[in-house]
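# Remarks on the overall topology
Here's the letter readout for the chains.
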Amino acid sequence: MNRKNLPGFLVFLVCIGLFPVFATRISAIQHYLDVMIFGGIFGIVAIGLSLLMGYAGQISLAHAAFMGIGAYSSGILTTHFNFSPVPALFLGLLITAIIAFSVGVPSLRLKGHYLAMATLGFGVIVHIIFSEEVNWTGGPSGLVGIPGFGLGDWKLKSTLQWYYFVWLWVAVSILIALNLVNSRIGRAFRAIHEDEKAAEAMGVPTARYKVQIFVVSAAMAAFAGSLYAHYVEFINPGSFDLVWSIRFILMVMVGGIQSIWGSLLGSLFLTFLSNEWLQVFAELEILIYGIILFIISLFFPDGLFPVIFRFLAQQLERRYE
Amino acid sequence: MSIMEEFLQYLISGITVGMIYVLVALGYNIIYNVTEVINFAQGEFVMLGGLCAVFYYESLHLPLWVAFFMSIGTVGVIGLIFEKFAIRYARSQSVLTLIIVTIAFSIILKGSAMFIWGKDPYSLPAFSAGSPWMVAGAAVQRQSLWIMGISLVIISGLSIFFHNSFYGKAMCACADNPIAAKMMGIPVRRMILLSFTLSAALGAAGGVIITPLSLMEYDRGALLGLKGFSVAVLGGLGNFWGALMAGIFIGIGESFCAGYISSGYKDAVALVALLIVLFVRPEGLLGKTK
Amino acid sequence: MNEASEIPILEIRELGKSFGGVEALHDITFSVPSGVIQSIIGPNGAGKTTLLNCVSGIIKPSHGKIYFLGKPIENLPPHRIATLGISRTFQHVALFKRMTVIENVAIGRHSKTRSGFLACTLRLSSMRREERDIFTKAEEWLEFVGLSDEMWKEAGSLPLGKQKLLEVARALAAEPRLLLLDEPAGGLNTSETEQFGDLIERIRNLGITILLIEHDMNLVMEKSDYVVVLHYGKLLATGTPREIKRNPQVIEVYLGKEE
Ligand SMILES: Nc1ncnc2c1ncn2[C@@H]1O[C@H](COP(=O)(O)OP(=O)(O)OP(=O)(O)O)[C@@H](O)[C@H]1O
Ligand SMILES: [Mg+2]
């Protein structure tokens, strides 16, 4: 962590640490703990996607699929093969990394539209496999009986424990992402985003970096997927379809396409939006997301939150003048 | 049914559905020919076409052929509005923005369709009534013939339009070299507008003609779009007759997969083909073959 | 003179490149001795940029050889060529516009640093040391080209003249043996061009060989040790500025127009 980011990170840790103290005491927001767990899990995916999309400029419409591969690896290994969760998680990460690598090498040669279509096609194929391999995945009705997370005698029991566990990993993800972004490799990503030819001429191995960040980003999604499977103890293909991939993109876009903190905020915002505030709209949620995504990408391509923050900062400045 | 009859049956239904993919693929091709943009909302136009026709026919009790043209017109206008108020602006931004805008638009169309029509599948009557024809033991639905006939008319018409008419040639010139096209006095903007309108209308036509055979519901668009794209890429983006061959090929492949292997995996056929083509020779097959 | 310094830093042999039907380069052969300022001149569309793109690996030549310090490089990807010690600027400014000025120069040092993914994500001490080195050097190079005051500005917000200087600083940050400059003074006014001439000389005095594409004849004739003239993809002449000025062919097709 460099000095610039340290205060923010500390504030974050304090907020995360203190949140349950309030949440458990105020009955109206008691269930927020549960929402926060989902928000954290999706946040890990969004942070990874922000590295890939916001920084390296490569779009992926397969992130829900990668999350699903992680979730199903954990689910299948623990239910069919009696793996305990931790080795299942690692094996799942390895599987995802291998798949992401083999998809990434050929597809990252493609540009813009083609990359989007290739990842989209891959995501749909994965979704079909989840639905069709009924013997392994339980098919469309899902895979039940996934054990909770634990290692040996130690098990995550309460929601509060899950909360701290998930957010520990969110913190780790943030740390890794911020470190990466503030390094020669992170700068190289942004260079690739802006001008691939110039980056290459400056000695940046663009092909290798694009594949690397694709794999890392997919592995982060898979990790989140594994947590998800163990927390919910049930998974079905519907949680890993195209709509979810688009949601992850939306999380990144809302929070600020080139911002690690932004993508976390975006994922929290959207998770609360869909779990708490948009429930009245039920199925129309997706329409609302479409409209939000449309407006953001047309009018605030750098993200919604950065614009809002800038506006608030201006207002404050004006007031103090 | 004998093995031979079964084979023939799959072949016919494969070609029928393949035609729809061809129409979607042509939609991509037209826009690509003019702007080199790929419109992720292309499949939703098909879905909208089918459902709009249902609305005109069922709710407004218009004759079927009127509903057919009204639906095409309606969706064409939606394509036009989309270009005029979103694409035109997004094109000046990054490719990433452009992609996301068309994705967002596709979600909006899908969401609106669900809002308007709900989640139930809808049907239309076949364009001409009557029992199927028997060809060498295989049943050919009359609607299948309509589908093949209408598609072939559209494809030939478009091919003539792009290769022989002034407007068509002008549209092609826009993508090759927009600046030169502009200097030659071609109204590039209007051409782009036209291309979006045309491709939306085309998708809608596909949607109307397929609905009597396989019903239509709000969430069919994404997959239709993706398959149409596979066909477009397989046939060489921008290449009309290539798309026709590829569409028939994919349609038959799907139909055989459903018949002989597993119906659940039939949707993967086109996508696997797409990935293979993209990965093996992106330039080769993507190259515009005019 | 010892053996090693007799090897030219860059040697181009029978280099050809065609785009579809257009033959942009036709059997070009020349070499660049170590430590000189060598210019490539020629009318628009002569193939100068194409030549530079071949040397830096951005496009692959159709045939022919390119040797850098005796080592063939025509089949290497651009980032490998950059790492070997060839750096360049672009005719149409290709900065990372939304990054700060100093970050642009920091990217230039990419080929000189090697912290990997793990070192970066864990911020190992080796990585932190490298990071400090990157930014100290970046500041030094910005000072060298005279952009110290603009360090924290967005690169895209600079005026064209400063953007061109920034491109040079970014290329220099890689501490190249050979620096390729594609019309660095294009679009600059007279005094800016003069300053650029001084800058080029200062770079040469650091021991960096310069291959320069330039339309400004005063600059070329004054600063170059050798000049290469391209015309419609063919090598028309090579020689010292004096020889080139007297070459009747060159006068006819190129200089003649201006007089
Ligand atoms: N990528 C390309 N594809 C097709 N043709 C190209 C390409 N790059 C260059 N050319 C052609 O090659 C020829 C040489 O171009 P080049 O850019 O090398 O000229 P130049 O000498 O740098 O000219 P200028 O002084 O205008 O920069 C031109 O006819 C140009 O049209
Ligand atoms: Mg040039």
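Just so you know, these numbers come straight off a predicted model, no measurement behind them. (Residues numbered from 1 in each chain as written. Chains lettered and ligands numbered in written order. Predicted model: local features only at pLDDT ≥ 70, side-chain atom pairs only at ≥ 80, totals over all residues. Heavy atoms only, no water.)

Here we take up the interface of chain A and chain C. Counting from both sides, the interface comprises 30 residues of chain A and, opposite them, 34 residues of chain C. For the chain A and chain C pair, buried surface summed over both sides reaches about 2800 Å², with 63% attributable to carbon and sulfur atoms. Sorting the residues of chain A by area buried against chain C places A:Arg184, A:Arg187 and A:Met202 first, and these three jointly supply 30% of that buried surface. Counting across the chain A and chain C interface gives 2 salt bridges. One salt bridge connects A:Arg190 with C:Glu103, and the closest N-O pair in it is separated by 3.1 Å. Elements represented by at least two residues in the side of chain A that touches chain C include exactly α7 (159–181), α8 (184–194), α9 (196–201) and α10 (206–232) of chain A. Looking at the side of chain A that touches chain C element by element, the count peaks at 8 residues for α8(A). Classifying every residue of the side of chain A that touches chain C by side-chain character gives 16 nonpolar, 6 polar and 8 charged. (Contact = heavy atoms within 4.5 Å. Buried area = accessible area lost by both parts, 1.4 Å probe. Salt bridge = Lys/Arg side-chain N within 4 Å of Asp/Glu carboxyl O. Helix = DSSP H or I, 4+ residues; strand = E, 2+ residues; numbered from the N terminus. Nonpolar A, V, L, I, M, F, W, Y, C, P; charged D, E, K, R; others polar.)

Residues and elements named next belong to chain C. Strand order in the open sheet formed by 4 strands is β2-β1-β4-β5, with antiparallel pairing between adjacent strands. What marks the edges here is a single partner per strand, and that holds for β2 (22–32) and β5 (71–72). Where strand β1 (residues 10–19) lies against β2, 7 bridges are found, and the strand directions are antiparallel. Directly across from Lys17, in β2, lies its bridge partner Leu25. (Pairing = 2+ DSSP bridges.)

The next thing to look at is the arrangement of the chains. By contact count, the dominant pairing among the 2 pairs of chains in contact is that of chains A and B. The least C-alpha distance between chain B and chain C, which are not in contact, is 13 Å.

Quick look at the site of ligand 1 now. All names here are of chain C. The environment of ligand 1 is formed by Phe19, Ala24, Asn44, Gly45, Ala46, Gly47, Lys48, Thr49, Thr50, Gln91, Glu183 and His215. Within the side chain of Asn44, a nitrogen or oxygen atom sits 2.9 Å from an oxygen atom of ligand 1. For ligand 1, whose accessible area on its own is 630 Å², the fraction buried by protein is 61%. Grouping the amino acids of the shell around ligand 1 by side-chain chemistry returns 3 nonpolar, 7 polar and 2 charged. (Near = heavy atom within 4 Å. Polar contact = N/O pair within 3.5 Å; in protein donor to acceptor, adjacent residues only side chain to side chain. Areas by Shrake-Rupley, 256 points an atom, 1.4 Å probe, with all protein chains shown as cover.)

A common way to state how big an interface is: give the accessible area lost once the parts meet. All names here are of chain C. Parsing chain C into structural domains produces domain 1 (1–85 + 176–259) and domain 2 (95–174). Facing 17 residues of domain 1, the contacting portion of domain 2 comprises 12 residues. Between domain 1 and domain 2, a total of about 1100 Å² is buried, with carbon and sulfur atoms accounting for 75% of that surface. It is Pro176, Leu199 and Arg202 in domain 1 that bury the most area against domain 2; as a group they hold 31% of the surface buried on that side. Where domain 1 packs against domain 2, one counts 0 salt bridges. Where domain 1 touches domain 2, the interface holds 2 residue pairs in polar contact (both at pLDDT 80 or more). When residues of the side of domain 1 that touches domain 2 are assigned to their parent elements, the largest contribution, 5 residues, is made by helix α8 (residues 190–205). Counted by class, the side of domain 1 that touches domain 2 contains 11 nonpolar, 3 polar and 3 charged residues. (Domains from an automatic or database assignment.)

Before going further, it helps to examine the confidence of the model for chain C. Taken as a whole, chain C shows an average pLDDT of 91; of its residues, 96% reach a score of 70 or greater. For this predicted complex, the interface confidence score (ipTM) comes to 0.91, while the overall pTM stands at 0.91. (pLDDT = per-residue confidence, 0-100.)

So, on to the coordination of the magnesium ion (ligand 2). Within the protein, C:Thr49 (OG1) and C:Gln91 (OE1) serve as the donor atoms for the magnesium ion (ligand 2), at 1.8 to 2.1 Å. Remark: C:Gln91 occurs in the loop between β6 (86–88) and α4 (101–108) and C:Thr49 occurs in helix α2 (residues 48–55); sequence separation between them is 42 residues. (Donors = N, O, S within 2.8 Å, 3.2 Å for Na, K, Ca; no water.)

Bringing the packing of helix α3 (residues 63–80) of chain A against α10(A) into the picture now. Residues and elements named next belong to chain A. At their nearest, the axes of α3 and α10 sit 7 Å apart, and the two run at 50 degrees to each other. Between α3 and α10, the interaxial angle falls into the category oblique. The element α3 and its partner α10 pack so that their crossing is right-handed. Taking contact as the criterion, the partners of His63, Phe66, Met67, Gly70, Ala71, Ser74 and Thr78 in α3 are, on α10, Phe214, Ser217, Ala218, Ala221, Ala222, Ala224, Gly225, Ser226, Tyr228, Ala229 and His230. Here the contact of α3 with α10 is composed, by residue class, of 10 nonpolar, 8 polar and no charged. (Axes fitted to C-alpha atoms, helices over the stretch in contact; angles between N-to-C directions. Parallel < 35°, antiparallel > 145°, perpendicular 65-115°, else oblique. Left-handed = near helix turned anticlockwise from the far one by under 90°.)

We now examine the pairing of strand β8 (residues 209–213) of chain C. Residues and elements named next belong to chain C. By the criterion of burial, β8 is predominantly enclosed, with 5 of the 5 residues buried. Neither face of β8 is left uncovered, since the one carrying Thr209, Leu211 and Ile213 and the one carrying Ile210 and Leu212 both have all their residues buried. Note that strand β3 (residues 37–41) and β8 share 4 bridges and pair parallel. Each bridged residue has a counterpart across the sheet, and for Ile37 the counterpart in β8 is Ile210. Sheet topology note: the strand β7 (residues 178–182)/β8 ladder contains 5 bridges and is parallel. (Buried < 20%, exposed > 50% of the residue type's maximum accessible area, 1.4 Å probe, protein only.)

Residues and elements named next belong to chain C. If you walk across this open sheet you meet the 6 strands as β6-β7-β8-β3-β9-β10, and the pairing is mixed. Looking at which strands have only one partner, the edges of the open sheet turn out to be β6 and β10 (234–239). Averaged over all pairs of adjacent strands, the angle between their axes in this sheet comes to 20 degrees, without regard to strand direction. Where α8 meets the sheet, it contacts β3, β7 and β8, and its direction lies at approximately 150 degrees from that of β8.

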